[in-house]
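The primary structure of each chain is shown beneath.
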Amino acid sequence: MQERKVKKTLTNYHYFNIGFGAIVGTGWILMVGDWVVLGGGPLAAIIAFLLGALVLLPIGAVFGELTASIPISGGLVEYIERAFGSRLSFLAGWLLAFGDGVLCPWESLAIATILTQLVAEIFPVLRSVKLYTIYGSDVYLYPVLLALLFSAYVIRQNFRGAEHMATLQTWLTRTLMFGMCVAMGVSFFIGSPTHFLPWFEPVVGPTSATNGNHFMTALAGVLVLTPFFYTGLDTIPDQAEEAAEDINWRNFGRTIGLALLASGLFYVICIYAFSTILPWQEFIRRPIPALAALKDIHFYLYAVMLAIATLGPLGPMNSLFSATARILLAMGRKGQIPAVFAELDPRTGTPRAANILLAVLTVIGPFLGNRMLLPLTEVAALAFIVPCTLVACACYRLRETEPDLPRPYKVPGGKIGIAAGILSGTAVIALLVVPGSPAALGLNEWSILFGWLGFGALLRLLRRRRASPG
């Protein structure tokens, strides 16, 4: 039987849109007020997001080197297995499948939440049919149905193939860019740079307060949040096997870093723009201040940004759906999870079983209360950065064990640059696990993480027993 292969259609332009869209979703609209509050002003928030991008840049370069050398779906599983063996490879792949995959139902739920809390102010009919209350959150019929409709479109594009998924991502990226331009335009014509002052002042917002009474502690309070808002960096290498035959692999390695830096610049511009439309102390007093500020200025501007906020979750959902499916495909090929995950659709070349699993998880999202998935999102940052740090370690080791491996793109600075990736990843992990850190995981988060790892270990054990003779 002829081996089924994925379709090779993606260009570096597609990959940039996939990565950028995965990183930048709705957080810049929904969370910019909290970033400013935690930093005691926009300056600390801007510096924190710039530092966050720079800290992750060496990890992006590591992915670029390994992916250009070994361009396969879910390559992280292969890199770590070649460097450290199957057990650590499984751990990294399974963690990343959680870190990326959990955001698919979360983004679907985010759409329902935006429709319920914001769009319903314009169209009250959206809250006319209440289904139930779960964990203190009311769930309404029409927002659920609309969220399912949006999610179904993303699911359909992923089932049709990588090219259709990438086309959707390109359109969503342009939508996000337009939203940033709207904020910049309003800031330029209506706002004032003096609204950016004072540089630092401890404040209390509707849902958060400044982290400490000093600029540096406030800066640290924002910095530890940035890894979550850069989750999605790995979506580019996860889909390398679908690269076009004539792709420039040297530029592919650079594309990962470019998507990361572009996302950081996007965040910085949005923080500055929204913080200068009004005096930032007034800006942060309102719930979802980015939208509230525009609503006071002009209703149509508010309506445009609200539409962009509603579409925003589709970008991360689309990219992370595709990337997670490729991780599960790689693990299925390695025999780490049931073999059905290694099968490709004969017509579209997509990982069918993984797509079905992710589709089921995604459509569950809108039916969950918006408080239910919060612990999952906090765990996602750790589940993302641990595998990324292991990839950096694998890159360092493969430089020694496989020195003749073709490397069209190399990490700038050689082993020193790779070591910088290891150190930066380790530092972020420490911020998430060391007790007393402002981002340290709590008991609920650890319970979720160990529950997921236990489920994975059970699958791995069952797979090994089925594969053994007799």
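Use the structure listed above.
Residues numbered from 1 in each chain as written. Predicted model: local features only at pLDDT ≥ 70, side-chain atom pairs only at ≥ 80, totals over all residues. Heavy atoms only, no water.

## Observations regarding the overall build of the protein
Thinking step 1. A count of helical and extended segments in the protein gives 21 helices and 2 strands.
Thinking step 2. Against the 2.2 N^0.38 benchmark of 23 Å for 470 residues, the protein shows a C-alpha radius of gyration of 22 Å, consistent with a compact globule.
Thinking step 3. Each of the three principal axes of the protein carries a C-alpha extent, and together these read 70 × 50 × 45 Å.
Thinking step 4. In the protein, which comprises 470 residues, the share counted as buried stands at 58%.
Thinking step 5. Total accessible area on the protein is roughly 19,000 Å²; 65% of this is exposed by carbon and sulfur atoms.
Thinking step 6. Charged side chains of the protein number 32 positive and 26 negative; the gap between the two group centres comes to 6 Å. (Helix = DSSP H or I, 4+ residues; strand = E, 2+ residues; numbered from the N terminus. Rg over C-alpha atoms; globule rule 2.2 N^0.38 Å. Buried < 20%, exposed > 50% of the residue type's maximum accessible area, 1.4 Å probe, protein only. Areas by Shrake-Rupley, 256 points an atom, 1.4 Å probe, with all protein chains shown as cover. Lys, Arg positive; Asp, Glu negative; His and termini not counted. Charge placed at Lys NZ, Arg CZ, Asp CG, Glu CD.)

## Section: the pairing of strand β1 (residues 130-134)
Strand residues, when the strand is regular, have side chains that alternate between the two faces of the sheet.
Thinking step 1. Of the strand pairs in this sheet, β1 and strand β2 (residues 137-140) are connected by 4 bridges, and their pairing is antiparallel. Following the sheet pairing, T133 is matched in β2 by D138.
Thinking step 2. Hairpin geometry of β1 and β2 is characterised by an intervening segment of 2 residues between the two adjacent antiparallel strands and by a positive phi of about 50 degrees at Y135. (Pairing = 2+ DSSP bridges.)

## Quick notes on the packing of helix α7 (residues 103-122) against helix α17 (residues 314-333)
Thinking step 1. As a packed pair, α7 and α17 sit with axes 9 Å apart at the nearest point and diverge in direction by 160 degrees. Overall, the two elements α7 and α17 adopt an arrangement that is roughly antiparallel. α17 is crossed by α7, and the crossing has left-handed handedness. Contacts between α7 and α17 pair L103, C104, E107, S108 and I111 from the former with L314, P316, M317, L320 and F321 from the latter. (Axes fitted to C-alpha atoms, helices over the stretch in contact; angles between N-to-C directions. Parallel < 35°, antiparallel > 145°, perpendicular 65-115°, else oblique. Left-handed = near helix turned anticlockwise from the far one by under 90°. Contact = heavy atoms within 4.5 Å.)

## What to know about the environment of V433
Thinking step 1. As for its position among the elements, V433 is in helix α20 (residues 415-433).
Thinking step 2. Sequence-wise, V433 and T217 are 216 residues apart; in three dimensions their C-alpha atoms are separated by 18 Å.
Thinking step 3. Leaving out residues up to four positions away in the same chain, V433 has contacts with L382 and W446.

## Comments concerning the pattern of salt bridges
Thinking step 1. Across all of its chains, the model carries 8 salt bridges by this definition.
Thinking step 2. Residue E65 pairs with R399 through a salt bridge whose shortest N-O separation is 2.9 Å. Of this pair, E65 sits in helix α4 (residues 42-69) while R399 sits in helix α19 (residues 374-401); the two residues are 334 residues apart in sequence, bridging distant segments of the chain.
Thinking step 3. Residue R399 is classed as buried on the basis of its relative accessible area of 18%. (Salt bridge = Lys/Arg side-chain N within 4 Å of Asp/Glu carboxyl O.)

## Here's the deal with the packing of α17 against helix α18 (residues 352-364)
Thinking step 1. Between α17 and α18, whose axes approach to 9 Å, the crossing angle comes to 140 degrees. One way to sum up the angle between α17 and α18 is to call them oblique. Here α17 runs over α18; the crossing is right-handed. Between α17, through M317, F321, T324, A325 and L328, and α18, the contact on the second element is made entirely by A354, N355, L357, L358, A359 and T362.
Thinking step 2. Residue composition of the contact of α17 with α18, grouped by class: 8 nonpolar, 3 polar and no charged. (Nonpolar A, V, L, I, M, F, W, Y, C, P; charged D, E, K, R; others polar.)

## Things to note about a nonpolar patch on the surface
Thinking step 1. Taken together, the side chains of I356, L357, V360, L361, V363 and I364 present a nonpolar region at the surface, about 440 Å² in accessible area.
Thinking step 2. With respect to the helices, strands and loops of the structure, I364 is situated in helix α18.
Thinking step 3. Residue classification places I364 among the partly exposed residues on the basis of a relative accessible area of 37%. (Patch = residues over 30% accessible without salt bridge, like charges linked within 9 Å, V, L, I, M, F, W, Y side chains within 5 Å.)

## Overview of the side chain of S89
Thinking step 1. Here S89 shows up in helix α6 (residues 86-101).
Thinking step 2. Sequence-distant contacts of S89, defined by excluding residues within four places in its chain, comprise V77, I80, E81 and Q336.

## Concerning the packing of aromatic side chains
Thinking step 1. The full count for this structure, using the stated rule, is 21 aromatic pairs.
Thinking step 2. Relative to F229, the ring of F49 lies with its centre 6.2 Å away and its plane at 55 degrees, an arrangement referred to as tilted. In this pair, F49 sits in helix α4 while F229 sits in helix α11 (residues 226-229), placing the two residues 180 residues apart along the sequence. Neither residue differs from the other here; F49 and F229 are each classed as buried.
Thinking step 3. Among the aromatic side chains, those forming a connected cluster through ring pairs are W35, F49, F229, Y230 and Y267.
Thinking step 4. The aromatic ring of Y396 is capped on one face by K415, whose charged end is 5.4 Å from the ring centroid. (Phe/Tyr/Trp six-rings, centres within 6.5 Å; stacked < 30°, edge-to-face > 60°. Lys NZ or Arg CZ within 6 Å of the ring centre and 35° of its normal.)

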